[in-house]
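Residue-level structure breakdown
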Amino acid sequence: MTLDRSTIWPYRDGEPGDFYYQRYAHPTGVEAERALGELEGGEALLFPSGSAAVTALVLSELEPGATIALAEGAYFGTGVLFRLLERWGLRCVEYDQTRPPPAAADLIWLEAPSNPFLTMPDLDAAVAHPARVVVDSTAATPIYLRPIESGADYAVHSATKYLGGHDDLLLGAVVCRDKEAAGRLHDLRTRTGIVASPDAAWLLIRSLKTLRARVERQTATATELAQRLGAHDAVERVRYPGFGGLLSFDVRVDARRAETSLRLIENATSLGGVDSVLESRRRWEGDRVPENLLRLSVGLEDVDELWADLEQALSNAKDAEGPG
């Protein structure tokens, strides 16, 4: 598709057409939304980032006094955002998403799998609750989970991650089961100006064409690395849901020394790209995560080359501690 960066389009016989001002809609964004909506089985809307998508959805669907039941151990930034919104009268409570949600919830916010603890929600229990259900399936992608087909009302993505897949775009997405809900969200997006750019939408269209090939390769590699890490004497615990390219593991060595000893894998944040990245999450999340937890986002490199890098980094960290 041709990238159209226009901010205005001429009226036709004095009347606005499908496109007239970029804040309302633009051709590249509409095509990207169509492609993603087809993958997810719903009405997709794009936003400038994952956090923007989360903010817009909450403001669109909730009123002061409402309670969000947030999956315990989900991406820490989501909880930080919800606590920020408490000044507007919203309330957030965390709960174990592997169990039924609390009765008083007005909106249930799941993460499949959670980041960085990799738990999977009891989606059936959540859907049985009268509240609306949101599933952040950034790490699962629509290749492994289509929340709307499973009864959820919304699927949310940080499209910067696996949907984009190349660490070169910043986007968020909400996919709605209900067209009326999508209309409300579109109206809020237009009025607030939380609109995704044509350039990012164009890159997303490119990336969706290779999504299945990328995540299936990442899954195969991550599955093998999870098995090898589980058998390594420097590793205390491995968390991996059995699909996708994201895993975390606790080490018996100095985590900071291990991450800074990498040669092939980048010591960087984020996830879902074609290049593997690893980092200690303690620097961002504090006491919420174990001090020795490392999160690994597996890219498209050769599995044996990745393993060799992990082995030497763990060995380096172990040797640095000295005999004992």
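Here, the structure is the one placed above.
Computed from a prediction, not measured in an experiment: that's the story for all the values here.

This brings us to the pattern of salt bridges. Tallying each qualifying case throughout the model produces 24 salt bridges. A salt bridge links E31 to R34; the nearest nitrogen and oxygen atoms lie 2.8 Å apart. One end of the pair is E31 and the other is R34, both in helix 1 (residues 27-40) and three residues apart, which spans about a single turn. A residue is classified by how much of its surface remains accessible, and E31, at 25% relative accessible area, is partly exposed. R146 is paired through a salt bridge with E149; the nearest N and O atoms lie 2.8 Å apart. The exposure class of E149 is exposed, given its relative accessible area of 57%. Through salt bridges with shared partners, a single network forms among R256, E259, E279, R281, R283, E285, R288 and R295.

Scanning all chains against the criterion turns up six aromatic pairs. Here Y20 and Y24 contribute two aromatic rings whose centre-to-centre distance is 5.1 Å and whose plane-to-plane angle is 40°, an arrangement assigned as tilted. With a relative accessible area of 23%, Y24 lands in the partly exposed category. Look at Y144 and F243: their rings are 5.4 Å apart centre to centre, the planes differ by 40°, and that puts the pair in the tilted class. Placement of Y144 in helix 5 (residues 141-144) and of F243 in the loop between strand 8 (235-239) and strand 9 (246-251) is noted, with a sequence separation of 99 residues between them.

Okay, the side chain of N292 next. If you trace the backbone, N292 turns up in the loop between helix 10 (282-285) and strand 12 (293-297). A polar atom in the side chain of N292 sits 2.7 Å from the backbone oxygen of V251. Residues in contact with N292, not counting those within four places in the same chain, are E236, F249, D250, V251 and A255.

If you look at the biggest cluster of nonpolar residues, it comprises 31 residues, and the most contacted ones within it are F47, V58, F82, W109 and V174. When residues of this core are traced back to their parent elements, those giving at least two are strand 1 (43-47), helix 2 (50-61), strand 2 (67-71), helix 3 (76-84), strand 4 (107-111), strand 6 (154-158), strand 7 (172-176) and helix 6 (179-192). At six residues, helix 2 tops the list of elements feeding residues into this core. Setting aside anything within four residues of it in sequence, one finds F82 in contact with V54, V58, I68, L70, C92 and W109. By size, the runner-up hydrophobic cluster in this structure holds 28 residues, among which are A32, A35, I148 and A159.

As a further point, take helix 7 (residues 198-208). Within helix 7, eight of the eleven residues are buried, which leaves the element mostly enclosed by the surrounding structure. Within the span of helix 7, buried status applies to P198, A200, A201, L203, L204, I205, S207 and L208. Contact partners of the buried residues in helix 7: helix 1, strand 1 and helix 8 (211-230).

Attention shifts here to the sheet that holds strand 1. Sheet strands pair via backbone hydrogen bonds, and the direction of the pair is either parallel or antiparallel. Reading across from one edge, 1-7-6-5-4-2-3 is the order of the seven strands in this open sheet, with mixed pairing throughout. With one partner strand each, in any of the chains shown, strand 1 and strand 3 (91-95) form the two edges of the open sheet. Ignoring which end each strand starts from, the neighbouring axes of this sheet average 20° apart. Of the strands in this sheet, strand 1, strand 2, strand 4, strand 5 (132-136), strand 6 and strand 7 touch helix 2, which is tilted by about 150° from strand 6. In this fold helix 6 packs onto strand 1, strand 6 and strand 7, with an angle of close to 15° to the strand it touches most, strand 1.

Moving on to the packing of helix 2 against helix 6. Close contact between helix 2 and helix 6 brings their axes to 9 Å; oriented N to C, the two are set at 115°. When the interaxial angle is binned, helix 2 and helix 6 end up roughly perpendicular. For helix 2 against helix 6, the interelement crossing comes out right-handed. In this structure, helix 2 contributes A56, L57, L59, S60 and E61 to the contact, and helix 6 contributes A181, R184, L185 and L188. Considering only residue class, the contact of helix 2 with helix 6 consists of six nonpolar, one polar and two charged.

How each quantity is defined
For every chain, the first residue of the written sequence is number 1, and numbering continues from 1 onward in sequence order. Restriction of local features to residues with pLDDT of at least 70 applies here, the model being predicted, together with a cutoff of 80 or more for giving and counting side-chain atom pairs; totals for whole chains, interfaces and linings are based on all residues. Each side-chain value is derived from all of the structure's non-hydrogen atoms; neither hydrogens nor water enter the calculation. The term salt bridge refers to a side-chain nitrogen of Lys or Arg lying within 4 Å of a carboxyl oxygen of Asp or Glu. Strands here mean DSSP runs of E at least two residues long; helices mean DSSP runs of H or I at least four residues long; both are numbered from the N terminus. Note on classification: 1.4 Å probe, protein chains only; a residue is buried when its accessible area is under 20% of the maximum for its type, exposed when over 50%, partly exposed between these limits. Here a pair means two rings of Phe, Tyr or Trp (six-membered ring of Trp) with centres within 6.5 Å. Their orientation is stacked below 30 degrees between planes, edge-to-face above 60, and tilted elsewhere. Here a polar contact is recorded for every N or O atom pair within 3.5 Å, except that within protein the pair must consist of a potential hydrogen donor and a potential acceptor, and residues adjacent in sequence are included only if both atoms are side-chain atoms. Any two residues whose heavy atoms approach within 4.5 Å are treated as being in contact. Nonpolar cores were defined as sets of buried Ala, Val, Leu, Ile, Met, Phe, Trp, Tyr and Cys residues, with membership established by side-chain atoms within 4.5 Å. One bridge is not enough; two strands pair if DSSP finds at least two bridges between them. Convention adopted: a line fitted to C-alpha atoms gives each axis, helices being fitted over their contacting stretch, and angles between N-to-C directions are expressed from 0 to 180 degrees. Just so you know how the angles are binned, under 35 degrees is roughly parallel, over 145 roughly antiparallel, 65 to 115 roughly perpendicular, and the rest oblique. Should the near helix be turned anticlockwise from the far one by less than a right angle, the crossing is termed left-handed; should it be turned clockwise, right-handed. Under the scheme applied, nonpolar residues are Ala, Val, Leu, Ile, Met, Phe, Trp, Tyr, Cys and Pro; charged residues are Asp, Glu, Lys and Arg; polar residues are all the others, including Gly.

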